Amino acid sequence: MTASPAHPAENQSPDWSDIEGSAAPGYFVDYLDRVTAQSEMRRYKQRTYRLLGVGPGSRILDIGCGTGDDALAMAAMVGDGGRVVGLDHSQSLIDEARTRVTAETAAVEFTAGDVHRLDFPDGGFDGCRADRVFMHLRDRERALAEMIRVTRPGGRVLVREPDWDTLIIDGPGRDLTRRVIQGHFDRVVLNGWAGRELYRLFRRAGLERVEIADTSTLVLTDFATANQFYGLEAAARALNGEADGWLDHLRQADADGLFFSAVTGFTAVGHKR
Ligand SMILES: C[S@@+](CC[C@H](N)C(=O)[O-])C[C@H]1O[C@@H](n2cnc3c(N)ncnc32)[C@H](O)[C@@H]1O
């Protein structure tokens, strides 16, 4: 594995709601590429395309598209008669996504924007998805309402989110492990409970045939990857020395081939009336 670009700053975590203001160039691209390289991530992403009904001729909007890989995969599925738009708050990620377009994925376009105020007319898309975006949003009801607005009647809306209170680590001491992990995610993401609230959000938004159509657990058994994905060192540092031994224990467990972590994600799907 190649060296990764610097983490934003000591004792801090990246701010996904303000990418340009928060980290070294390349950090987010590298992070997303490493996450997407996990086979379980690729599996659930493929499933989201099927649940959204993506096929030849589909018009699809991917909210918070990041480096654009999902939009590009769907562009290859919709073909010449379809259209995929990838939208992201971050201009630098949109720039990166544009570099990844090929002849097979020419049905895609990438645009900068904010899901809270989508600059698209009503009902122009057959499907709209957001993958690991809602945890970073100020107003998730408004974002979902916007996604529904731009979807045609009968079209589908899909959101995928982890729930960070489901992140379990085989650490020393239950109380300390809970405090390190849960305290960390309470600080670094706006809403670590995004996963569990999807069903309620979708039902309240008036979508039909709402279901949590897929759940899965990402298991990581190496400390380096878990540390990069979850910021375990930053999480421990926040306890001002109290969790130094906790971190040493995890590193030793890793050296002994015994490190274990797992987090669960949820995919909600609903149909627009
Ligand atoms: C964790 S990344 C997920 C990226 C991509 N969906 C994936 O699965 O690889 C979250 C993305 O949401 C974007 N984002 C955050 N707030 C947003 C907003 N208000 N409107 C649109 N995109 C937003 C970020 O810029 C970032 O690219």
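Residues numbered from 1 in each chain as written. Predicted model: local features only at pLDDT ≥ 70, side-chain atom pairs only at ≥ 80, totals over all residues. Heavy atoms only, no water.

- Where an unreviewed UniProt entry is consulted, the chain appears under the name Methyltransferase domain-containing protein, with the organism given as Skermanella stibiiresistens SB22.

1. Regarding the overall build of the chain
Okay, so step 1: What the chain contains, in helices and strands, is 10 helices and eight strands.
Okay, so step 2: Over its C-alpha trace the chain gives a radius of gyration of 19 Å, about what one expects of a compact globule, namely 19 Å for 273 residues.
Okay, so step 3: Reported as C-alpha extents along the three principal axes, the dimensions of the chain are approximately 55 × 40 × 30 Å.
Okay, so step 4: Looking at the chain alone, contacts between residues at least 24 apart form 77% of all its contacts between residues at least 6 apart.
Okay, so step 5: Surface exposure of the chain reaches about 12400 Å², of which carbon and sulfur atoms provide 48%.
Okay, so step 6: One finds the centroid of the 33 positive side-chain charges in the chain at a distance of 7 Å from the centroid of its 41 negative side-chain charges. (Helix = DSSP H or I, 4+ residues; strand = E, 2+ residues; numbered from the N terminus. Rg over C-alpha atoms; globule rule 2.2 N^0.38 Å. Contact = heavy atoms within 4.5 Å. Areas by Shrake-Rupley, 256 points an atom, 1.4 Å probe, with all protein chains shown as cover. Lys, Arg positive; Asp, Glu negative; His and termini not counted. Charge placed at Lys NZ, Arg CZ, Asp CG, Glu CD.)

2. Focus: the UniProt feature "domain: Methyltransferase" (unreviewed entry) in the chain
Okay, so step 1: The positions UniProt marks with the feature "domain: Methyltransferase" (unreviewed entry) are residues 60–155.
Okay, so step 2: A helix fraction of 30% and a strand fraction of 28% characterise residues 60–155, whose end C-alpha atoms lie 10 Å from each other. (UniProt positions renumbered as here; feature names shortened; annotations may be inferred.)

3. Observations concerning the nonpolar core
Okay, so step 1: Grouped together as the largest cluster of nonpolar side chains are 36 residues, with contacts concentrated most on Tyr-230, Leu-232 and Trp-246.
Okay, so step 2: Put simply, the parts of the chain that give this core at least two residues each are helix H1 (27–36), helix H2 (39–51), helix H6 (174–188), strand E7 (208–220), helix H8 (223–230), helix H9 (232–237) and helix H10 (244–255).
Okay, so step 3: Ranked by residue count, the leading element in this core is H1, at six residues.
Okay, so step 4: Ignoring anything within four residues of it in the chain, the contact list for Tyr-230 reads Trp-164, Leu-167, His-184, Phe-185, Leu-218, Leu-220, Ser-261 and Val-263. (Core = buried A, V, L, I, M, F, W, Y, C linked by side-chain atoms within 4.5 Å. Buried < 20%, exposed > 50% of the residue type's maximum accessible area, 1.4 Å probe, protein only.)

4. Here's the deal with the environment of Leu-87
Okay, so step 1: Position of Leu-87 among the secondary structure elements: in strand E2 (residues 83–88).
Okay, so step 2: A relative accessible area of 4% places Leu-87 in the buried class.
Okay, so step 3: Once the C-alpha coordinates of Leu-87 and Leu-52 are considered, the two residues, 35 residues apart in sequence, prove to be 17 Å apart.
Okay, so step 4: Beyond its immediate sequence surroundings of up to four residues, Leu-87 is in contact with Leu-61, Asp-62, Ile-63, Gly-64, Cys-65, Ile-94, Thr-111, Gly-113, Asp-114, Val-115, Leu-118 and Phe-120.

5. As for the site of the ligand
Okay, so step 1: Not every one of the 22 residues close to the ligand is listed here, only the nearest: Lys-45, Gly-64, Asp-88, Asp-131 and Arg-132.
Okay, so step 2: Within the backbone of His-89, an N or O atom sits 3.2 Å from a nitrogen atom of the ligand.
Okay, so step 3: Within the side chain of Asp-114, one N or O atom sits 2.9 Å away from a nitrogen atom of the ligand.
Okay, so step 4: Within the complex, 97% of the 600 Å² of free accessible area of the ligand lies under protein.
Okay, so step 5: Classifying every residue of the shell around the ligand by side-chain character gives nine nonpolar, seven polar and six charged. (Near = heavy atom within 4 Å. Polar contact = N/O pair within 3.5 Å; in protein donor to acceptor, adjacent residues only side chain to side chain. Nonpolar A, V, L, I, M, F, W, Y, C, P; charged D, E, K, R; others polar.)

6. Structural notes on a nonpolar patch on the surface
Okay, so step 1: A cluster of nonpolar residues, Ile-168, Val-219 and Phe-260, forms a patch on the protein surface that exposes about 240 Å² of accessible area.
Okay, so step 2: Position of Val-219 among the secondary structure elements: in strand E7. (Patch = residues over 30% accessible without salt bridge, like charges linked within 9 Å, V, L, I, M, F, W, Y side chains within 5 Å. Salt bridge = Lys/Arg side-chain N within 4 Å of Asp/Glu carboxyl O.)

7. What about the pairing of strand E4 (residues 125–131)?
Okay, so step 1: Among the seven residues of E4, seven are classified as buried, and the element is accordingly described as predominantly covered.
Okay, so step 2: Pairing of strand E1 (residues 59–63) with E4, which is carried by four bridges, proceeds in the parallel orientation. For Ile-63, the partnering residue across the bridge sits in E4 and is Ala-130.
Okay, so step 3: Across six bridges, E4 lies against strand E5 (residues 151–162) in parallel orientation. In the sheet register, Cys-128 faces E5, and the bridge partner there is Val-157. (Pairing = 2+ DSSP bridges.)

8. Quick look at a negative patch on the surface
Okay, so step 1: Judged by side-chain charge, Asp-15, Asp-18, Glu-20 and Asp-95 come together as a negatively charged surface patch.
Okay, so step 2: Mapping Glu-20 onto the fold places it in the segment before H1.

9. Describing unusual backbone geometry
Okay, so step 1: A positive phi is found at Arg-209, a non-glycine position, where the angle reads about 50 degrees.
Okay, so step 2: Secondary-structure assignment places Arg-209 in strand E7.
Okay, so step 3: Arg-209 sits in the exposed class, given a relative accessible area of 62%.

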